[in-house]
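Residue strings, one per chain:
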Amino acid sequence: MAVLTLAQAITDALDIALDNDERVLLMGEDVGKAGGVFRLSNGLYEKYGPDRVIDAPVAESGIIGTAFGMAVAGMRPVTEIQFMGFSYPAYDQIVSHVGRIRSRSRHRFTSPMVIRMPYGGGIGASEHHSESTESIYAHTPGVKVVVPSTPYDAKGMLLQAIDDPDPVIFLEPIRLYRSVKEEIPVGAYLVPLGLARVLVPGDDVTIITYGAMTAEARKAVAILKQEGVSPELIDLRSIVPFDVDTVVESVEKTGRAVVVHEAHRTAGFGAEVVAQIQERALFSLSAPVQRVTGWDMIVPLKRAEHHYVPTAERIVAAVGKTLEE
Amino acid sequence: MAVLTLAQAITDALDIALDNDERVLLMGEDVGKAGGVFRLSNGLYEKYGPDRVIDAPVAESGIIGTAFGMAVAGMRPVTEIQFMGFSYPAYDQIVSHVGRIRSRSRHRFTSPMVIRMPYGGGIGASEHHSESTESIYAHTPGVKVVVPSTPYDAKGMLLQAIDDPDPVIFLEPIRLYRSVKEEIPVGAYLVPLGLARVLVPGDDVTIITYGAMTAEARKAVAILKQEGVSPELIDLRSIVPFDVDTVVESVEKTGRAVVVHEAHRTAGFGAEVVAQIQERALFSLSAPVQRVTGWDMIVPLKRAEHHYVPTAERIVAAVGKTLEE
Amino acid sequence: MLQILTPEGELVGDPPIDVPMTRRLYRAMVGARLYDRKATAIQKQGRLATYAPFEGQEAAQVGSAAVLRPDDWMVATYRDAAAMWMQGYPWELLLAGRTGHERGGSPPDYVNVLPPSITVGAHMLHAVGLAWAERLQGNDRIAVTYFGEGATSEGDFHEAMNFAAVHRTGTVFLCQNNQYAISTGLNAQMATDTIAQKAGAYGVPGVRLDGNDLFAVYWAMKNAVDRARGSNGPTLIEAVTYRIGPHTTSDDPTRYRTNEEVDDWRSRDPLERVRRYLELNGAWDEEWQKHIEGEESAVVERAVELAEGLNTPDADELFDSMFAEPTSDLESQRRLLESEGG
Amino acid sequence: MLQILTPEGELVGDPPIDVPMTRRLYRAMVGARLYDRKATAIQKQGRLATYAPFEGQEAAQVGSAAVLRPDDWMVATYRDAAAMWMQGYPWELLLAGRTGHERGGSPPDYVNVLPPSITVGAHMLHAVGLAWAERLQGNDRIAVTYFGEGATSEGDFHEAMNFAAVHRTGTVFLCQNNQYAISTGLNAQMATDTIAQKAGAYGVPGVRLDGNDLFAVYWAMKNAVDRARGSNGPTLIEAVTYRIGPHTTSDDPTRYRTNEEVDDWRSRDPLERVRRYLELNGAWDEEWQKHIEGEESAVVERAVELAEGLNTPDADELFDSMFAEPTSDLESQRRLLESEGG
Ligand SMILES: Cc1ncc(C[n+]2csc(CCOP(=O)(O)OP(=O)(O)O)c2C)c(N)n1
Ligand SMILES: Cc1ncc(C[n+]2csc(CCOP(=O)(O)OP(=O)(O)O)c2C)c(N)n1
Ligand SMILES: [Mg+2]
Ligand SMILES: [Mg+2]
């Protein structure tokens with residue numbers, strides 16, 4: 001066991017994957033010599049060489065399109081998009097090719113590849129550096145979309161994503177890279193994709209979130225407990241596939257739910273969660289499910305970002321609304 | 001008054017806009033000499049010349065990015081993306097620039113432009129030609145997203161979109177281009193964006209849809225009426241902004257709702273509609289809101305498309321479920 | 001512009017292949033044309049969705065594909081059926097796709113040809129990745145990508161050329177400059193005189209040649225493939241040709257080009273010049289022509305039968321095709337479809 | 001590679017501007033460097049978010065922007081503060097953006113400079129549209145876009161060059177080849193020796209010059225701007241230069257380049273060579289240097305004050321900034337935020 005941050009856990013997973021499987025390679029802008037803008041591939045270029053840790057030209061479509069070809073020909077590329085906000089030039093490759101080839105070729109060709117993207121706000125970054133648009137990827141057939149929130153999950157899920165026979169978009173909460181630490185096993189282990197996890201068990205209300213917002217939700221849980229409320233906190237970990245069973249089971253118990261994400265509100269993944277809760281558990285609901293989200297606006301820059309990114313206070317207020325009824 | 005198809009109504013609107021406002025121009029692949037792959041700009045190249053009806057190179061990012069610059073400098077470009085499935089190479093321009101410039105420059109620069117996209121399936125088209133991914137645009141701050149379903153609305157909404165001080169994504173249901181006809185006024189008139197319309201009033205269940213699916217929904221309404229059910233049918237016409245008031249008013253009356261779209265299910269706009277219904281009218285609901293949607297799969301080609309695109313039968317079945325409770 | 005065989009069937013350079021091989025490729029071009037015309041005909045009868053004919057481009061496709069090794073990769077477009085067929089993609093699967101059947105996207109296991117790309121541009125990057133991966137795995141398989149001159153306007157062309165150049169991938173970029181992208185002519189597409197010169201922006205060799213000349217195509221492709229297989233990096237080939245038919249069966253080319261122009265190009269027909277050459281060399285007669293047309297026609301007819309005979313996919317095939325194992329999301333959607341009687 | 005003024009301050013060609021004008025531009029470069037160092041310094045104190053310094057690139061930016069008419073359009077990047085300032089974008093707004101304030105994106109009405117582009121590549125297309133629209137409106141305003149050599153790898157560079165070439169828009173593409181895209185050097189970015197040669201892929205003139213030479217930059221830019229204003233189409237300029245500092249204040253350049261390399265480029269400093277030239281011409285002395293440094297410093301100090309003094313935007317400013325009129329969606333979200341006590 002070793003105590004690692006979420007960032008270190010990812011580095012560890014990359015290292016293990018490169019070591020264990022010759023088909024694995026990393027490609028992205030500045031992932032090589034510089035070790036990635038977040039230093040997540042630190043040391044790997046030196047260890048595995050420029051054929052396996054590839055500093056790509058500044059061309060996201062090029063990175064994903066080329067990696068796609070590599071995956072079809074038998075490699076297991078792990079690509080890094082520097083920030084989620086720079087994934088859009090590659091969007092066409094993801095929608096039109098990465099997510100499609102298995103279906104359009106009826107399993108004859110496949111593209112097992114991982115697309116890593118640091119995502120999310122709350123750190124006062126520059127424009128385009130705080131995006132959380134996972135729902136556009138959730139709406140893209142043929143790709144899985146996962147978001148770890150702990151070092152343990154980050155490592156195990158990344159190794160699982162690399163092993164997955166299908167493409168996986170692997171979102172990394174920037175805000176948690178170095179703010180969470182835990183003891184995790186040395187060496188390879190897998191965490192299955194597609195299963196939510198109950199982080200905090202409780203009885204009165206279900207708080208459903210994922211990624212960086214687990215941190216705010218945990219704070220909200222602490223406040224609520226002090227107020228005598230017993231919330232159950234669920235970390236989805238994966239939005240595609242979406243583990244609706246775990247969510248519904250909880251809501252059937254609590255009768256109340258709040259979904260939290262920092263993504264824009266309209267057509268954000270929270271809407272999907274709400275829609276499925278009401279499809280499966282309408283008559284268990286004692287109050288409307290609340291969504292605590294970012295707004296339909298450009299993520300504000302540092303000085304005004306606090307108006308946008310959900311806070312523990314806003315979560316507590318939303319829980320309050322569900323308890324009013 | 002003149003009897004026009006939806007396609008002709010769009011041509012008429014383009015002609016009027018070009019005629020009335022020198023700032024208006026059309027740009028897209030094959031919109032000039034060929035008059036567009038659907039012939040919607042037929043005759044306009046001859047009438048307004050190559051400076052105002054522009055055959056662009058095959059480069060969607062180029063079209064949107066250039067038009068964006070034109071809009072900032074005072075023009076009113078109306079761009080055509082040949083099919084929605086080819087809009088993705090331009091996605092970055094739309095998310096990162098078109099929808100952002102007003103906010104990031106605090107109103108100093110704006111990009112009033114229209115992005116027309118034929119969309120949707122049901123006509124047995126080639127791969128990528130049947131896409132209905134409006135929810136990714138609905139999730140994009142700073143752009144409006146509208147979808148007419150009648151010739152009258154198509155003309156009035158397109159003229160309104162061209163007049164709008166902000167960018168508008170104008171989705172055109174391919175399936176309805178020539179299958180619907182109605183008498184509409186000659187000359188300019190405007191239909192405001194952002195207002196839903198009750199197509200059929202009723203009492204028992206609310207069917208909410210937009211675009212091409214209004215046709216299937218109308219068929220479902222006819223079947224249901226024969227069965228003695230009185231459905232209310234709402235055409236959203238605009239998904240951003242979303243006229244939740246009209247929807248909620250109806251659901252409060254009927255207590256039951258079915259949302260229909262041909263887009264993929266997960267994180268489709270239907271989820272947003274359901275989420276907002278339950279936020280505003282949970283206690284009016286006698287049954288879970290049902291979604292009748294396309295699936296999380298590549299839109300199948302001609303021979304299997306019927307398994308994907310919602311049909312009147314599936315809508316009727318979903319209404320049946322809401323009535324069971 | 002490189003030419004070896006004139007429209008009159010006369011040599012103005014050394015033929016890169018011998019007469020028996022020329023006969024084989026001539027026969028392939030005849031077969032391809034028969035396929036193309038048959039597909040156009042049955043589309044008119046409503047038996048195919050839109051079809052994109054390649055008539056006039058047979059030399060560019062057959063002559064280039066003939067250079068490949070059977071296990072080389074090919075990533076081509078909706079208009080490249082002849083090239084794909086040369087590389088082992090059966091006519092029936094190419095047709096199946098056009099009838100609206102996904103099984104058309106699934107060539108036999110030993111055929112390293114991706115299903116035809118419908119999106120313009122994006123697929124060129126795939127050929128870069130394919131060739132790169134082969135080299136990383138110690139194989140000398142190369143990858144060729146086919147595309148039109150219109151596709152060079154897409155950003156992905158640029159990114160593909162650049163990635164290939166920087167990493168010296170064994171990729172051949174074969175552009176069929178057939179003068180039009182749907183209705184859009186060269187002047188509205190680009191401001192250069194040639195496509196080949198675009199290679200200079202990447203430090204890649206560019207070659208421009210008469211794309212209706214089987215020998216010129218073969219010769220240039222051979223050099224490019226050898227370069228690629230020898231790990232010497234990519235080449236851009238511009239095969240100057242013409243699409244005799246409409247863009248697709250939904251297109252009306254009279255809106256943007258004249259009959260004279262079409263006739264002029266017809267006189268440069270890629271099949272006819274090889275026929276004349278063979279005839280001049282005593283390697284063609286009418287009887288043989290009838291014989292090969294008969295045999296190739298039969299192959300095409302059989303392909304039509306096979307394509308049309310495919311079972312319509314059921315819903316399960318669709319749900320099962322998305323991932324190695326359907327996700328829980330898809331499983332619940334499958335159940336929902338059943339419950340809706342769909 | 002075009003050069004007019006050597007690093008030693010000696011002329012090897014005709015200076016395109018006279019001594020008084022050279023003094024003005026020298027002073028601007030001094031001001032820009034003071035700004036750049038100040039911004040770097042206050043970023044270290046946590047008063048700015050990350051900052052992308054441009055030290056070493058002053059001649060490329062100041063020399064090119066100096067050619068523009070005040071109403072010309074400029075579309076530049078996070079590293080082009082000096083160019084933007086030359087075109088009228090106040091230091092305080094450039095800084096405001098870096099403090100994390102959107103009002104930094106809103107230059108005065110008469111300044112036709114878009115807020116700095118953070119995305120790499122996309123903005124070049126905007127400069128094509130801007131120039132094109134001006135011509136359509138009968139104006140002779142042109143548009144210049146600034147970008148790095150890394151940005152040429154993006155597909156949008158290609159699409160922008162092509163659109164500009166086909167429609168002969170009055171766009172000047174000014175590439176500062178500063179050798180690195182973050183940590184990525186030229187060899188990993190492209191396989192060509194120059195950026196300028198990429199122009200040939202579009203039928204556009206390309207010029208390569210010593211970007212640390214104010215005169216060479218001015219001269220080439222003047223030709224390009226004249227061409228653009230005369231409706232003769234776009235030009236690609238490659239200004240070969242070097243980023244002396246880190247990519248941004250979060251970068252550690254020792255990971256990918258040597259100190260020797262940096263020192264070598266320092267010896268080709270763009271300011272020093274103009275200073276020597278002026279001195280050789282009796283147009284520089286220490287006193288004047290102190291004087292201009294004093295005045296320019298004061299301007300920068302005042303800009304810092306103004307930027308830091310801006311009120312933090314309230315939530316209403318955010319909701320009100322998205323559309324001309326907030327949509328019903330945004331209005332209900334505004335109410336929701338209030339109800340959540342946010
Ligand atoms: C990304 C994308 N944009 C637009 C289209 C629509 N489209 C299909 S073919 C075509 C023209 C392509 O021309 P070219 O590359 O010259 O190939 P050709 O059809 O002449 O063989 C266009 C614009 C598409 N399929 N994909
Ligand atoms: C589309 C996009 N991809 C990636 C990034 C991250 N990024 C910021 S600057 C940069 C390097 C750009 O290099 P260059 O164009 O040479 O400009 P320079 O920074 O050297 O001035 C990268 C990759 C970005 N901002 N936008
Ligand atoms: Mg073509
Ligand atoms: Mg650079």
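Residues numbered from 1 in each chain as written. Chains lettered and ligands numbered in written order. Predicted model: local features only at pLDDT ≥ 70, side-chain atom pairs only at ≥ 80, totals over all residues. Heavy atoms only, no water.

Things to note about the pairing of strand 3 (residues 171-177) of chain D
All names here are of chain D. Selection rule: Accessibility here uses a 1.4 Å probe with only protein chains present; expressed as a share of the type maximum, an area under 20% marks a residue as buried, one over 50% as exposed, and anything in between as partly exposed. Helix and strand definitions follow DSSP, with helices as H or I runs of at least four residues and strands as E runs of at least two, each counted in order from the N terminus. Two strands form a pair only when DSSP identifies at least two bridges running between them. Here a crossover is taken to be right-handed if, once the strands point away from the viewer, the path from the first strand over the helix to the second is traced clockwise.
Of all seven residues in strand 3, seven are buried, a share of seventy percent or more. Side chains of strand 3 alternate between two faces, with Thr171, Phe173, Cys175 and Asn177 and Val172, Leu174 and Gln176 buried alike. Where strand 2 (residues 143-148) and strand 3 come together, six bridges link them in parallel fashion. Each residue of the ladder has a partner; that of Gly148, found in strand 3, is Gln176. For the handedness criterion, the β-α-β arrangement of strand 2, helix 6 (residues 155-166) and strand 3 is classed as right-handed. Two elements, strand 3 and strand 7 (residues 235-240), share six bridges in a ladder whose sense is parallel. Note on strand 7: the bridge partner recorded for Leu174 is Ile237.

A short note on the confidence of the model for chain C
The criterion, for reference: The predictor reports its confidence for every residue as pLDDT, a score running from 0 up to 100.
Residues with a pLDDT of 70 or more make up 100% of chain C, whose mean pLDDT is 97. If you check the scores for this complex, the pTM reads 0.99 and the ipTM reads 0.98.

Concerning the packing of helix 1 (residues 19-44) of chain C against helix 2 (residues 58-65) of chain C
All names here are of chain C. Where we set the bar: Here an axis means a line fitted to C-alpha atoms, over the contact stretch when the element is a helix, while the angle between two N-to-C directions is reported on a 0 to 180 degree scale. Comment on the angle field: the value is read as roughly parallel under 35 degrees, roughly antiparallel over 145, roughly perpendicular from 65 to 115, and oblique elsewhere. The sense of a crossing depends on the near helix, which, turned anticlockwise from the far helix by less than a right angle, makes the crossing left-handed and, turned clockwise, makes it right-handed. Residue contacts are defined here by distance: any two heavy atoms, one from each residue, within 4.5 Å place the two residues in contact. We call Asp, Glu, Lys and Arg charged. Ala, Val, Leu, Ile, Met, Phe, Trp, Tyr, Cys and Pro are nonpolar, and the rest, Gly among them, are polar.
Relative to each other, helix 1 and helix 2 sit at 130 degrees, their axes nearing to 10 Å. One way to sum up the angle between helix 1 and helix 2 is to call them oblique. For the element pair helix 1 and helix 2, the recorded crossing hand is right-handed. Contacts from Leu25, Ala28, Met29, Ala32 and Arg33 in helix 1 reach Glu58, Ala59 and Val62 in helix 2. For the contact of helix 1 with helix 2, the class distribution of residues is six nonpolar, no polar and two charged.

Considerations on the coordination of the magnesium ion (ligand 4)
Any two of four tetrahedral donors ideally make an angle of 109.5 degrees at the metal, while pairs among six octahedral donors ideally make 90 or 180 degrees. Residues and elements named next belong to chain D. Keep this limit in mind: The rule for donors is simple: an N, O or S atom within 2.8 Å of the metal counts, and for Na, K and Ca the reach is 3.2 Å. Water is not among the atoms, so a site may look short of donors.
Each protein donor to the magnesium ion (ligand 4) is listed here as Glu149 (OE), Asn178 (OD1) and Tyr180 (O); together their distances run 2.0 to 2.3 Å. All donors to the magnesium ion (ligand 4) come from one chain, and their sequence spacing reads E-x28-N-x1-Y. As far as burial versus exposure is concerned, Asn178 and Tyr180 are alike and both buried.

Notes on the site of ligand 1
Heads up, the condition is: Near, as used in this document, describes a residue that has one of its heavy atoms within 4 Å of the molecule or strand being considered. Definition of a polar contact: a pair of N or O atoms within 3.5 Å, with one able to donate and the other able to accept a hydrogen when the atoms are protein atoms, and with sequence-neighbouring residues admitted only if both atoms are side-chain atoms. Accessible surface is estimated by sampling points in the Shrake-Rupley manner with a 1.4 Å probe; for residues, cover comes only from the protein chains shown.
Within the structure, ligand 1 sits among 20 residues, and Glu60(B), Tyr78(C), Arg79(C), Ile118(C) and Tyr180(C) are positioned closest to it. One finds residues of chains B and C in close proximity to ligand 1. One nitrogen or oxygen atom from the side chain of Glu60(B) is found 2.5 Å from a nitrogen atom belonging to ligand 1. Burial of ligand 1 by the protein chains amounts to 95% of its free accessible area of 580 Å². Split into classes, the residues belonging to the shell around ligand 1 amount to nine nonpolar, six polar and five charged.

Let's talk about the interface of chain A and chain B
Buried accessible area, meaning the area lost when the parts come together, often serves as the stated size of an interface. Keep this limit in mind: The term buried area refers to how much accessible surface (probe radius 1.4 Å) is lost by two components on association, counted for both of them together. Throughout this description, the term salt bridge denotes a Lys or Arg side-chain nitrogen within 4 Å of a carboxyl oxygen of Asp or Glu.
Across the boundary between the two partners, chain A contributes 47 residues, which contact 47 residues of chain B. For the pair chain A and chain B, the two sides together bury roughly 4200 Å², of which 59% comes from carbon and sulfur. Looking only at chain A, the three residues that lose the most surface to chain B are Arg100(A), His139(A) and Ile298(A), adding up to 18% of its buried area. Joining chain A to chain B, the criterion identifies 10 salt bridges. Among the salt bridges present, the one from Arg104(A) reaches Glu127(B), with a minimum N-O distance of 2.6 Å. Along the contact surface separating chain A from chain B lie 14 residue pairs in polar contact (both at pLDDT 80 or more). Those elements that provide at least two residues to the side of chain A that touches chain B are helix 4 (91-98), helix 5 (101-104), helix 6 (134-138) and helix 10 (269-281) of chain A. Among the elements that make up the side of chain A that touches chain B, the one with the highest residue count is helix 10 of chain A (eight residues).

Here we look at the domain arrangement of chain A
All names here are of chain A. Going by this rule: Domain extents, as shown, originate in an automatic or database domain assignment.
Assigned domains within chain A: domain 1 (2-184) and domain 2 (197-324). Of note, the centres of domain 1 and domain 2, computed from C-alpha atoms alone, are 26 Å apart. Taken together, the contact pairs 28 residues of domain 1 with 27 residues of domain 2. Roughly 2000 Å² is buried in total at the junction of domain 1 and domain 2, and carbon and sulfur atoms are behind 55% of that figure. Contact with domain 2 buries surface across domain 1, with Glu134, Val147 and Arg175 losing the most and accounting together for 21% of the total. Taken together, the connections running from domain 1 to domain 2 amount to three salt bridges. We note a salt bridge from Asp153 to Arg197, for which the minimum N-O separation is 3.2 Å. Counting every contact that joins domain 1 to domain 2 gives 13 residue pairs in polar contact (both at pLDDT 80 or more). Of the residues assigned to the side of domain 1 that touches domain 2, the class counts are 12 nonpolar, 11 polar and five charged.

Quick word on the relation of the copies chain A and chain B
For clarity, the cut-off: Our superposition of the copies is a least-squares fit, built on the C-alpha atoms of residues whose pLDDT is at least 70 in both.
Take chain A, turn it by 180 degrees, move it 0.0 Å along the axis, and it overlays chain B with an RMSD of 0.0 Å. When the rotation and shift are considered jointly, the pair of chain copies conforms to a two-fold rotation axis. The fraction of interface residues of chain A whose copies in chain B are also interface residues reaches 100%, indicating that both copies meet through the same surface.

Some remarks on empty space enclosed by the protein
The line we're drawing: A cavity, in this analysis, means grid points on a 1 Å lattice covering only the protein atoms where a 1.4 Å probe fits yet has no way out; a pocket is instead an open set bounded by protein on both sides within 12 Å along at least five of seven lines, and a residue lines either one if it has an atom within 4 Å of a point. Grid points are joined across faces, edges and corners, and a volume is the space filled by probe spheres set on the points.
Counted under the stated rule, the structure contains 14 cavities of 30 Å³ or more. Roughly 310 Å³ of volume is contained in the largest cavity. If you go around the largest cavity, you meet 26 residues; those closest to its centre are Glu127(B), Gly97(C), Arg98(C), Pro116(C) and Ile118(C). Elements that contribute at least two residues to the lining of the largest cavity include exactly helix 3 (81-86) and helix 4 (91-99) of chain C. Considering every element that reaches the lining of the largest cavity, the biggest residue donor is helix 4 of chain C, with four residues. Across the lining of the largest cavity, the residue classes break down as 15 nonpolar, seven polar and four charged. Forming the walls of the second largest cavity are 14 residues, and the residues nearest its centre are Ala138(A), Thr140(A), Pro141(A), Val240(A) and Asp296(B). Broken down by class, the residue content of the lining of the second largest cavity amounts to six nonpolar, six polar and two charged.

Notes on the site of ligand 2
Glu60(A), Tyr78(D), Arg79(D), Ile118(D) and Tyr180(D) are the nearest of the 20 residues found near ligand 2. Taken together, the residues near ligand 2 originate from chains A and D. With respect to ligand 2, the side chain of Glu60(A) contributes an N or O atom lying 2.5 Å from a nitrogen atom. In the model, a nitrogen atom of ligand 2 is placed 3.0 Å from a nitrogen or oxygen of the Val120(D) main chain.

Side note on the pattern of salt bridges
A complete count under the given rule lists 94 salt bridges over all chains for this structure. Arg291(A) is the partner of Glu279(B) in a salt bridge, and the nearest nitrogen-oxygen pair spans 2.7 Å. Taken together, the residues span two chains, with Glu279(B) in helix 10 (residues 269-281) and Arg291(A) in strand 14 (residues 290-292). Notably, a salt bridge pairs Arg302(C) with Glu305(C), separated by 3.1 Å at the nearest N-O pair. With Arg302(C) and Glu305(C) both in helix 11 (residues 286-309) and three residues apart, this pair spans about one turn of that helix.

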